Amino acid sequence: VRDVGKNIRHAPGLEVTDDDLKVWLSDLKALFSDPTFNNDNLLAKDALDQLQQLENDELIIERSEVVVAIKDSVDYLRTLPVHSNRETLELQSRIDDLEVKENLIKYHLDNTCTYKIGPFVESGVFGLEDFYIPPNISRVILQSRQKYITSEEPLTNLEQMFSSKRIIILSADAGVGKTTFCKSLVTLWCAVQEGKTNPLAKFSRSQNVFSDIAYLAEFTYLFYIQLRGNKCDKLEDIIFSHTELVDTELTRNNKSFCDLLSNETGLVILDGLDECDIPIISPLATNRKYTVLITSRPWKLANIDMPRT
């Protein structure tokens, strides 16, 4: 059990396999169920209860605990002996990835994951789970280019939205809720990264695009960028001008960050294409692994050059 504790606390990247976790939970429960420890021992009984909740994915883990775990993992990785330059680079990359994710979550919780209902509501700012109703979203399928005949397919999960294309356009009229939907994605991503499932259970049970919020774990990083007032023409310029606001280390000259963009799957949300003067959306660089979600009012799409895909 002592070894189990070490393995869990110092798992590189804060990840363990399902098989290992099953064995470790079994060992821990066996120890705390032993009469030597369990008789009249409230701590042992409490530990058993928490292990059961963890195994059933019912344990609520606070953000502060996640941050401590990430820092603990980073500190441990820094102590590992390395025997080659390659090992040094791989270790540093792991550490950088963990620190980027921690900084992103903190930035989003402070700046993105809040919702202003309106001027007539006292205090005005609420969390997503307090009032948000997910929208109905349909994918437009082009049946004929010559006659421009289309059909619509309702989306029932996030994988349908993100898995097939690298650039997704979310179009709707003003005031329908494009920005709120984007912020809900950010909020859900933070919650999934932190292991919080209970506060969002009602969304995963609903028959709409949020029926599988766990899919957001596919994205190692997520950037939400409002395009209002944007002065950049190229997508990468937009991304890098924003990431410096999140962390001054997330720059174009940071090799580790550029490697993250090229090697790890991510999501970049560009909100409000119609509120900036971008004349063209170019295809994404082939060496980048992020997906781009762009929101826009319909009229803008008729006045901008975009990739056929």
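Keep in mind that this is a model prediction, so the values were computed, not measured.

1. Quick look at the overall build of the protein chain
And step 1. Helix and strand counts for the protein chain come out as 13 helices and 8 strands.
And step 2. A total of 309 residues make up the protein chain; the buried ones form 38% of that total.
And step 3. Sequence-distant contacts, at least 24 apart, represent 68% of the contacts inside the protein chain between residues at least 6 apart.
And step 4. Of the accessible surface of the protein chain, which amounts to about 18,400 Å², a share of 50% is contributed by carbon and sulfur atoms.

2. Let's talk about the sheet that holds strand β7 (residues 266-271)
And step 1. Ordered in space as β5-β8-β7-β6, the 4 strands form an open sheet in which the pairing is parallel. Among the strands making up the open sheet, the edge pair consists of β5 (167-171) and β6 (221-226). When the angles between neighbouring strand axes are averaged without regard to direction, this sheet yields 15°.
And step 2. Each of β5, β6, β7 and β8 (290-296) touches helix α9 (residues 178-193); the most contacted strand, β6, lies at about 155° to it.
And step 3. Taken strand by strand, helix α11 (residues 235-246) contacts β6, β7 and β8, and its axis lies near 95° from that of β6.

3. Section: the pairing of β6
Remark: a regular strand shows side chains that alternate across the two faces of the sheet.
And step 1. With 5 of its 6 residues buried, β6 lies for the most part within the structure.
And step 2. Inspection of the sheet shows β6 paired to β7 by 6 bridges, in the parallel sense. Within β7, the position partnered with Leu222 by the bridge is Leu267.

4. Observations regarding the environment of Asp20
And step 1. Its place among the elements puts Asp20 in helix α2 (residues 18-33).
And step 2. Given the relative accessible area of 35%, Asp20 is considered partly exposed.
And step 3. For Asp20 and Val4, which are 16 residues apart along the polypeptide, the C-alpha to C-alpha distance reads 9.5 Å.

5. Side note on the state of the cysteines
And step 1. Under the criterion given, the structure shown has 0 disulfides.
And step 2. For Cys190, which is in no disulfide, the shortest distance to another cysteine sulfur is to Cys113 and amounts to 4.2 Å.
And step 3. A disulfide-free cysteine, Cys232 has its sulfur positioned 10.0 Å from the sulfur of Cys276, the nearest such atom.
And step 4. Cys232 sits in the partly exposed class, given a relative accessible area of 22%.

6. Re the side chain of Lys178
And step 1. Its location among the elements puts Lys178 in helix α9.
And step 2. No salt bridge is formed by the buried Lys178, whose closest oppositely charged neighbour, Asp274, lies at an N-O distance of 5.6 Å.
And step 3. Among the polar contacts made by the side chain of Lys178, one reaches the main-chain carbonyl oxygen of Ala172 at a distance of 3.1 Å.
And step 4. Beyond its immediate stretch of four places on either side in the chain, Lys178 contacts Leu170, Ser171, Ala172, Asp173, Thr295, Ser296 and Arg297.

7. Concerning the packing of α2 against helix α4 (residues 42-55)
And step 1. Between α2 and α4, the shortest axis-to-axis distance is 9 Å and the interhelical angle comes to 155°. Relative to α4, the element α2 is oriented roughly antiparallel. Regarding α2 and α4, the two cross each other, and that crossing is left-handed. The segment α2 lies against α4, with Leu25, Leu28, Lys29, Phe32 and Ser33 engaging Ala44, Ala47, Leu48, Leu51, Gln52, Leu54 and Glu55.
And step 2. Here the residues of the contact of α2 with α4 sort into 8 nonpolar, 2 polar and 2 charged.

8. Observations concerning the nonpolar core
And step 1. Counting 57 residues, the largest nonpolar core has Phe162, Phe181, Leu185, Phe210, Ile269, Leu270 and Tyr290 as its most contacted members.
And step 2. Broken down by element, this core gets its largest block of residues, 7 residues, from α9.
And step 3. Contacts of Phe162, omitting those with residues within four sequence positions, involve Ile168, Leu185, Tyr215, Phe219, Leu267, Thr291 and Leu293.
And step 4. Among the nonpolar cores identified, the runner-up in size contains 5 residues, and Val4, Trp24, Leu25 and Leu51 belong to it.

9. Focus on the packing of aromatic side chains
And step 1. Applying the stated rule across the entire model yields 6 aromatic pairs.
And step 2. Aromatic side chains Phe223 and Phe257 sit 6.2 Å apart centroid to centroid with 85° between the ring planes, which places their arrangement in the edge-to-face category. Residue Phe223 is found in strand β6, and its partner Phe257 is found in helix α12 (residues 255-263); the two are separated by 34 residues along the sequence. With respect to burial, Phe223 and Phe257 carry one shared label: buried.
And step 3. By the ring-pair criterion, three or more aromatic residues cluster together here, those being Tyr221, Phe223, Phe240 and Phe257.

10. So, the confidence of the model for the protein chain
And step 1. Summing up the model confidence of the protein chain, the mean pLDDT is 80 and the portion of residues at 70 or higher is 80%.
And step 2. Averaged over each element, pLDDT in the protein chain is lowest for strand β2 (residues 125-126) (58) and highest for β7 (94).

11. Structural notes on the environment of Glu194
And step 1. Tracing the sequence through the fold places Glu194 in the loop between α9 and α10 (201-205).
And step 2. With relative accessibility at 5%, the residue Glu194 sits in the buried group.
And step 3. When the C-alpha positions of Glu194 and Ile105 are compared, they lie 8.6 Å apart, and in sequence the two are 89 residues distant.

Reading the values: rules and limits
- Residues numbered from 1 in each chain as written.
- Predicted model: local features only at pLDDT ≥ 70, side-chain atom pairs only at ≥ 80, totals over all residues.
- Heavy atoms only, no water.
- Helix = DSSP H or I, 4+ residues; strand = E, 2+ residues; numbered from the N terminus.
- Buried < 20%, exposed > 50% of the residue type's maximum accessible area, 1.4 Å probe, protein only.
- Contact = heavy atoms within 4.5 Å.
- Areas by Shrake-Rupley, 256 points an atom, 1.4 Å probe, with all protein chains shown as cover.
- Pairing = 2+ DSSP bridges.
- Axes fitted to C-alpha atoms, helices over the stretch in contact; angles between N-to-C directions.
- Disulfide = S-S within 2.5 Å.
- Lys, Arg positive; Asp, Glu negative; His and termini not counted.
- Salt bridge = Lys/Arg side-chain N within 4 Å of Asp/Glu carboxyl O.
- Polar contact = N/O pair within 3.5 Å; in protein donor to acceptor, adjacent residues only side chain to side chain.
- Parallel < 35°, antiparallel > 145°, perpendicular 65-115°, else oblique.
- Left-handed = near helix turned anticlockwise from the far one by under 90°.
- Nonpolar A, V, L, I, M, F, W, Y, C, P; charged D, E, K, R; others polar.
- Core = buried A, V, L, I, M, F, W, Y, C linked by side-chain atoms within 4.5 Å.
- Phe/Tyr/Trp six-rings, centres within 6.5 Å; stacked < 30°, edge-to-face > 60°.
- pLDDT = per-residue confidence, 0-100.

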